[in-house]
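Structural description and commentary
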Amino acid sequence: RIVVMDLEKVSFINSVGVREWIRMLRSLEERGVELRMKRCSEAMVHQMNMIVEAKGRAEVESFFAPYLCEDCGYEGSMCLDVAESLPLFRKMDAPTLPCPECSGTMEFNEIPERYFLFLEDALAG
């Protein structure tokens, strides 16, 4: 069985929430359920980067990342598809994206080596 969870709306998760999340991941794994996470919010990415168990054996299909447009100063959280951008992620790079405000070029606004830690399994494969 496969369960797909959309995590876009998770804007904050505290230590109690992380503990319960890890319990749920373990329970799904014990039942033989494969978890796929899509549209992981930046809050979830930060938790998965700090606490390995917060990702468990789940597959991350897509996630939000901080972007900045140098042309107009717009900052936004943009959704990246793992499979589509995997070659860039393996080089510790991220795609450039069109700015929704001025159509300029938005650049990834974080340190790749730190932000992409949670992708370790995908990057190794």
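Computed from a predicted model, the values in this text were never measured in an experiment.

Definitions and cut-offs
- Residues numbered from 1 in each chain as written.
- Predicted model: local features only at pLDDT ≥ 70, side-chain atom pairs only at ≥ 80, totals over all residues.
- Heavy atoms only, no water.
- Salt bridge = Lys/Arg side-chain N within 4 Å of Asp/Glu carboxyl O.
- Helix = DSSP H or I, 4+ residues; strand = E, 2+ residues; numbered from the N terminus.
- Buried < 20%, exposed > 50% of the residue type's maximum accessible area, 1.4 Å probe, protein only.
- Phe/Tyr/Trp six-rings, centres within 6.5 Å; stacked < 30°, edge-to-face > 60°.
- Pairing = 2+ DSSP bridges.
- Contact = heavy atoms within 4.5 Å.
- Axes fitted to C-alpha atoms, helices over the stretch in contact; angles between N-to-C directions.

Moving on to the pattern of salt bridges. One pass over the structure, following the stated rule, counts 9 salt bridges. Among the salt bridges present, the one from arginine 23 reaches glutamate 20, with a minimum N-O distance of 3.0 Å. Residue arginine 23 and its partner glutamate 20 are both found in helix 1 (residues 15-30); the two are separated by 3 residues, about one turn of the helix. Of the charged contacts in the structure, one is a salt bridge between arginine 36 and glutamate 59, with a shortest N-O distance of 3.7 Å. With a gap of 23 residues between them, arginine 36 in strand 2 (residues 34-38) and glutamate 59 in strand 3 (residues 59-60) connect regions that are remote in the sequence. Exposure remark for arginine 36: the relative accessible area of 23% places this residue in the partly exposed category. In the salt-bridge network here, residues are joined through shared partners; they are Asp6, Glu8 and Arg39.

Now for the packing of aromatic side chains. Within this structure, the stated rule accounts for 9 aromatic pairs. On the numbers, 5.5 Å between centres and 45° between planes, the contact of phenylalanine 63 with phenylalanine 89 is tilted. One end of the pair, phenylalanine 63, is in strand 4 (residues 62-69); the other, phenylalanine 89, is in helix 3 (residues 82-90), and 26 residues separate them in sequence. Looking at phenylalanine 89, the relative accessible area reads 0%, which means it is buried. Look at phenylalanine 63 and tyrosine 115: their rings are 6.3 Å apart centre to centre, the planes differ by 40°, and that puts the pair in the tilted class. Taken together, the residues span a long stretch of sequence, with phenylalanine 63 in strand 4 and tyrosine 115 in helix 4 (residues 112-115) at a distance of 52 residues.

Now for the sheet that holds strand 4. If you walk across this open sheet you meet the 4 strands as 5-4-7-6, and the pairing is antiparallel. Each edge of the open sheet is held by one strand with a lone partner, namely strand 5 (75-81) and strand 6 (97-98). Where strand 6 and strand 7 (residues 105-108) come together, 2 bridges link them in antiparallel fashion. Each residue of the ladder has a partner; that of proline 98, found in strand 7, is threonine 105. Each of strand 4 and strand 5 is contacted by helix 2 (residues 42-50), which is oriented at about 110° to strand 4, the strand it contacts most. Seen against the sheet, helix 3 touches strand 4 and strand 5 and runs at an angle of roughly 100° to strand 5.

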